[in-house]
Amino acid sequence: MSAEPANLEILFAEAVHDRLVSAIRSRFPRKCFGYLLSEGSPTAVTDFVLFEENVRNEPKSRRQFESYGRYFVEHHDAGFMASPNETWRVQKEIWARGLSEVGVFHSHRRHPANFSGIDYELHMERFETLWHLIVSMRNPLLPQLRAFSVSRRGIRELGVRLVPSTAVADLEGASLA
């Protein structure tokens, strides 16, 4: 695998960005989690999918989250875990649409869009090849979005550039040559 360019940035179609922020805002204060999708390039977002079913408070998942500390004991709404059935259904839907996952995202209700230790641990359990977007909803009128490259070597913030939706297809080939 080649090294990432120092100036790597995520190209986010404006209309997709606006729909994503609107969908997360409409669910607030619920935690949101999903995939960012592309037609080809690992850095050009052309769509997204949100998970509906959060099984974080089912006994096994609850124990896992609560093992991370008091914060997760006191805040039953902190954390998100998708069910295996929904995960499989979403995966088949993505394949049927001819798209692929390029990133994962989740929302923060109380915190800024910082990538925490638990974010890192949960990301590395399943998503070693994907980047991660955090959407902070501390102020729902002004959500904060930050993207991160996540690997065993560490975490690095990525730029996010909003581009006209019609331009994403043209830009896809230039983003990670």
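All figures in this text were calculated on a predicted structure; none of them were measured in a lab. (Residues numbered from 1 in each chain as written. Predicted model: local features only at pLDDT ≥ 70, side-chain atom pairs only at ≥ 80, totals over all residues. Heavy atoms only, no water.)

Tallied over the full model, the rule gives eight aromatic pairs. Centre to centre, the rings of phenylalanine 48 and phenylalanine 105 are 6.4 Å apart; their planes meet at 80°, and the pair counts as edge-to-face. Pair noted here: phenylalanine 48 is in strand E4 (residues 47-50) and phenylalanine 105 is in strand E5 (residues 100-108), with a separation of 57 residues, a long-range link. Of the aromatic side chains, those joined through ring pairs into one cluster are Phe33, Tyr35, Phe51 and Phe127. (Phe/Tyr/Trp six-rings, centres within 6.5 Å; stacked < 30°, edge-to-face > 60°. Helix = DSSP H or I, 4+ residues; strand = E, 2+ residues; numbered from the N terminus.)

Another aspect to go through is the sheet that holds strand E7 (residues 144-151). The eight strands lie next to each other as E3-E1-E8-E7-E6-E5-E2-E4, forming an open sheet whose pairing is mixed. Edge positions in the sheet fall to strand E3 (44-45) and E4, since each of these pairs with one other strand and no more. (Pairing = 2+ DSSP bridges.)

Turning our eyes to something else, we now look at the nonpolar core. In this structure, Phe12, Leu20, Leu36, Phe48, Phe105, Trp131 and Leu133 are the most contacted members of the largest nonpolar core, which totals 21 residues. Elements represented by at least two residues in this core include exactly strand E1 (9-13), helix H1 (14-27), E4, E5 and strand E6 (131-136). Setting aside chain neighbours within four positions, we find phenylalanine 105 in contact with Leu20, Ile24, Cys32, Phe33, Gly34, Tyr35, Leu36, Phe48, Val49, Leu50, His132 and Leu133. Counting residues in each nonpolar core, the second largest holds 12 residues, with Ile94, Leu99, Val104 and Phe127 among its members. (Core = buried A, V, L, I, M, F, W, Y, C linked by side-chain atoms within 4.5 Å. Buried < 20%, exposed > 50% of the residue type's maximum accessible area, 1.4 Å probe, protein only. Contact = heavy atoms within 4.5 Å.)

Moving on, we get to the side chain of histidine 108. Residue placement: histidine 108 occurs in strand E5. Only 2.9 Å separates the side chain of histidine 108 from the side chain of histidine 106, close enough to count as a polar contact. Here the side chain of histidine 108 touches proline 112 through a polar contact of 2.9 Å, landing on its backbone oxygen. Excluding anything up to four places from it in sequence, histidine 108 contacts Lys31, Ala113, Asn114, Asp119, Ile134, Val135, Ser136, Met137 and Arg138. (Polar contact = N/O pair within 3.5 Å; in protein donor to acceptor, adjacent residues only side chain to side chain.)

Function-wise, these values are silent; they only describe arrangement.
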